[in-house]
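Chain by chain, the residues:
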Amino acid sequence: MKLRNLGLLSTCLLAACSSGGGDDLEKRVDALVAQMSLTEKVDQMAGDSGAFLPEDATLWNVPGVERLGVPPFRMSDGPRGVGTAEGATTFPVGMARGATWEPDVEQRVGAAMGRELRAVGGNVLLAPTINNLRHPSWGRSQETYGEDVHHLSEMAVAFVRGVQEYVLANPKHYAANSIEDTRFQLDVTVDERTLREIYLPHFRATVREGGAASVMSAYNSVNGQFCGENEQLLKRILKTDWEFDGFVLSDWIFGTQTTLGSALNGLDLEMPIAMVYGAPLLEAVQNGDVPESVIDDAVRRMVRKKLQHGLDQPSDLDESVLASDEHLALAREASVKGSVLLKNESGSLPLDSSALDRIAVVGLLADMPNTGDNGSSDTRPAFVVTPLQGIQEAVGDQVTVEHIGKDVLEAEDIAVVEAADAVIVVTGLTAEDEGEGLIGAGDRLDLALSGERVSLIRDAAEANDRTVVVLEGGGAITMGDWLPDIEALLMVWYPGQMGGHAIADLLFGDANPSGKLPITFPTSLDQLPPFDNVSLEVTYDYFHGYRYVDRNDATPEFPFGFGLSYTTFAIGGLTASQARAVAGDVVTFSIDVTNSGTDAAGAEVIQLYVTYPGSAVERSERDLKGFAKVALEPGETQTVQIAVPVNSLAYYDVAAAAWTLEGLEHEVHVGTSSRDLPRSTTLTVEAQQPVSVY
Ligand code: BGC
């Protein structure tokens, strides 16, 4: 692939960039915008590389102003890697990385993607996807991090910070975008409290804490107004309440509706081509329907971010960073840390390869590169290590690996399975089962595996007691009655191009599983709110995911936050830095965690949930408000500290239009999943309205 050069440097912009930020930056931005003609300004408000990227193009282009040294935007998709760059690293999907519960890993993943994009001449990464997973049927569930606002925020902020070491990040799709099949027409009705508390906080965090330079509006409409021209979302909340000083770009092609609606309500950039912007926007300014100040504001936002992030500066990165050893090692690390051990009967995992002669590796997916859906998050890795390859490499010549690469087992296959010392069934979902709408498979209406794959598991388990299942997929899968038949279950999601190695690391005990579910795995669809992929109107209420099953007192198959390890952990007493708190305080909770096993180093995710007894409004049974992952050698103890800003306990009072802290004795519960919270304390908070939550 050709290296693209961003070197549109003029002396003007170079001089501008050599000074500091703040007021100075604003003056430089103003000076540049003042020199632009109306046409130059309007041209910067829409992409120009065509509706579909031409064969020879790898990046979406948005013009800058060459004579002033203002560089163009050069964009690529990227939730699981730099999508358009041949040979870029394919990381595990967002859901897998969400399951690491390690913002530090996610920041490094973001930085690696940012570095790779910059190296191929790009400067805006169309990621992260951070829509709250209202329902695992969403076809794009694999792209996001999970179902909880706090967890989503932590992971997304980390990713944005990493990406923006090199290029601009673009959290998407703002907002309430979580049904594929009707995404272009769907209207989501959501009350303001639910919107502010459940569907927006993670966007707010990327903007306020992560400093995200841009945000992508969603296709769907919210409360009757399309997101690309939604006054409440774009103007009132994002740009006014959160004081966002970056720019909003539309989702592709179907993401804009009208010239005036978009321009007057805060959409700064139409992608990927001018449809409602371009000539119609120019005309609207000329005839007075759109004030030129609106155009100036949009252009100022984009130029500000170009200067602030040095997009006008040349880069010394080259394509050698694509899938570098460091990035591939990181992809493997993320997959190891994001895989979740869901079952491990009598310690059947890890497998001891020195005690095995013959392993059967079974299933169509065992040797299939299965990195995720075929939609916009698709990537072009130079190679993919399949589970079979990873297992073969791990055991070398010591063990005979029998490969049965199909989902329907015949008599001779059963004989091979019977004769094996251990059986590894690799199965789950592929791009044919779930993905982005229009270009991919769309929503998944049944959360169960196909009948054929269920039979595969059953037949293997019936033939051999020592059957382990490695499950791939982008979200929750219902297990049905095959779960008791198998010895162990490892959820590896779509594990990226190094997934096969990561799977082998875990199966043979070179690494210890430490991932935790970032979503609820229900026993059946009945445990979840309804999912309607046909209706063009849907109401999103306050409860979904673990909040929904908790409220209904249902017992999911595997609860939010759950995941096993090859070792055991003991947790000590819970203490708090203070028992009473007022707005603005940050309370630190401490707890000792010990690796109580003797054999394996391991890591545990300590989770802190808050409940609100006596609240004036209906709250969740418990809300995740903090977490920390701690790595421990056998026998080692560490004190884990989790800091909780008291303002994060506020709810949004719609009548007062204010975040409100209640004068309650809050209960604080700490443990290792949303359903295993053995340590508790209380925190008495003084009432206050309003409090600052942004
Ligand atoms: C998707 C976006 C993506 C864009 C460009 C749209 O269909 O919804 O997530 O960034 O295409 O590929």
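Just above sits the structure.
Computed from a prediction, not measured in an experiment: that's the story for all the values here.

1. Description of the site of the ligand
Part 1 of the argument: The environment of the ligand is made up of Asp77, Leu126, Arg140, Lys172, His173, Arg183, Met216, Tyr219, Asp251, Trp252, Ser376 and Glu436.
Part 2 of the argument: With respect to the ligand, the side chain of Glu436 contributes an N or O atom lying 2.9 Å from an oxygen atom.
Part 3 of the argument: Computed on the free molecule, the ligand has an accessible area of 310 Å², of which 93% lies beneath the protein chains in the complex.

2. Some words on the pattern of salt bridges
Part 1 of the argument: Under the definition given, this model contains 44 salt bridges.
Part 2 of the argument: A salt bridge links Glu26 to Arg304, with the shortest nitrogen-to-oxygen separation between them at 2.9 Å. Separated by 278 residues along the polypeptide, Glu26 in helix H2 (residues 22–34) and Arg304 in helix H12 (residues 292–308) bring together distant segments of the chain.
Part 3 of the argument: On the accessibility criterion, Glu26 (26% relative accessible area) is partly exposed.
Part 4 of the argument: Residue classification places Arg304 among the buried residues on the basis of a relative accessible area of 10%.

3. Some thoughts on the environment of Asp352
Part 1 of the argument: Along the chain, Asp352 falls in the loop between strand S10 (340–344) and strand S11 (358–362).
Part 2 of the argument: Spatially, the C-alpha atom of Asp352 lies 10.0 Å from that of Ala422, the residues being 70 residues apart in sequence.
Part 3 of the argument: A distance of 2.7 Å separates a polar atom in the side chain of Asp352 from a polar atom in the side chain of Ser354.

4. Some points on the nonpolar core
Part 1 of the argument: If you look at the biggest cluster of nonpolar residues, it comprises 106 residues, and the most contacted ones within it are Phe73, Met75 and Tyr174.
Part 2 of the argument: Contact partners of Phe73, with chain neighbours within four places excluded, come to Trp60, Asn61, Val62, Asn123, Val124, Leu168, Phe247, Leu269, Met302, Lys306 and Leu311.
Part 3 of the argument: Core analysis: the next-biggest nonpolar cluster, separate from the first, contains 41 residues, Val469, Ala476, Met479 and Trp493 among them.

5. A look at unusual backbone geometry
Part 1 of the argument: With omega at 0°, the peptide bond leading from Lys172 into His173 counts as cis.
Part 2 of the argument: With respect to the helices and strands, the residue His173 is situated in the loop between strand S4 (168–169) and strand S5 (187–190).
Part 3 of the argument: Although it is not a glycine, Ile253 adopts a positive phi angle of roughly 65°.
Part 4 of the argument: Topologically, Ile253 is positioned in the loop between strand S9 (247–249) and helix H10 (259–265).
Part 5 of the argument: Its identity is not glycine, yet Asp553 carries a phi of approximately 55°, on the positive side.
Part 6 of the argument: Note that Asp553 resides in the loop between helix H18 (545–551) and strand S17 (569–576).

6. A look at the pairing of strand S21 (residues 623–632)
Part 1 of the argument: Burial of S21 is extensive: nine of the 10 residues sit out of reach of the surface.
Part 2 of the argument: By the bridge criterion, nine bridges tie strand S20 (residues 602–611) to S21 in an arrangement that is antiparallel. Opposite Leu608, over in S21, you have Gly626 as the bridge partner.

7. Observations concerning the sheet that holds S10
Part 1 of the argument: Read from one edge of the open sheet, six strands run S10-S15-S14-S13-S11-S12, paired in mixed fashion. The sheet is open, and its two borders are formed by S10 and strand S12 (400–404), each paired with just one other strand. Each strand of the sheet is rotated relative to its neighbour by a mean of 15°, with strand direction disregarded.
Part 2 of the argument: By the bridge criterion, five bridges tie S11 to S12 in an arrangement that is parallel. Note that in S12 the partner of Val362 across the bridge is Ile404.
Part 3 of the argument: Contacts from helix H17 (residues 499–507) reach strand S13 (422–428), strand S14 (467–472) and strand S15 (488–491), with the element oriented near 145° to S14.

8. Quick word on the environment of Leu32
Part 1 of the argument: Relative to the helices and strands, Leu32 is located in helix H2.
Part 2 of the argument: Between the C-alpha atom of Leu32 and that of Ser354, which follows or precedes it by 322 residues, the distance is 68 Å.

What counts and what doesn't
- Residues numbered from 1 in each chain as written.
- Predicted model: local features only at pLDDT ≥ 70, side-chain atom pairs only at ≥ 80, totals over all residues.
- Heavy atoms only, no water.
- Near = heavy atom within 4 Å.
- Polar contact = N/O pair within 3.5 Å; in protein donor to acceptor, adjacent residues only side chain to side chain.
- Areas by Shrake-Rupley, 256 points an atom, 1.4 Å probe, with all protein chains shown as cover.
- Salt bridge = Lys/Arg side-chain N within 4 Å of Asp/Glu carboxyl O.
- Helix = DSSP H or I, 4+ residues; strand = E, 2+ residues; numbered from the N terminus.
- Buried < 20%, exposed > 50% of the residue type's maximum accessible area, 1.4 Å probe, protein only.
- Core = buried A, V, L, I, M, F, W, Y, C linked by side-chain atoms within 4.5 Å.
- Contact = heavy atoms within 4.5 Å.
- Pairing = 2+ DSSP bridges.
- Axes fitted to C-alpha atoms, helices over the stretch in contact; angles between N-to-C directions.

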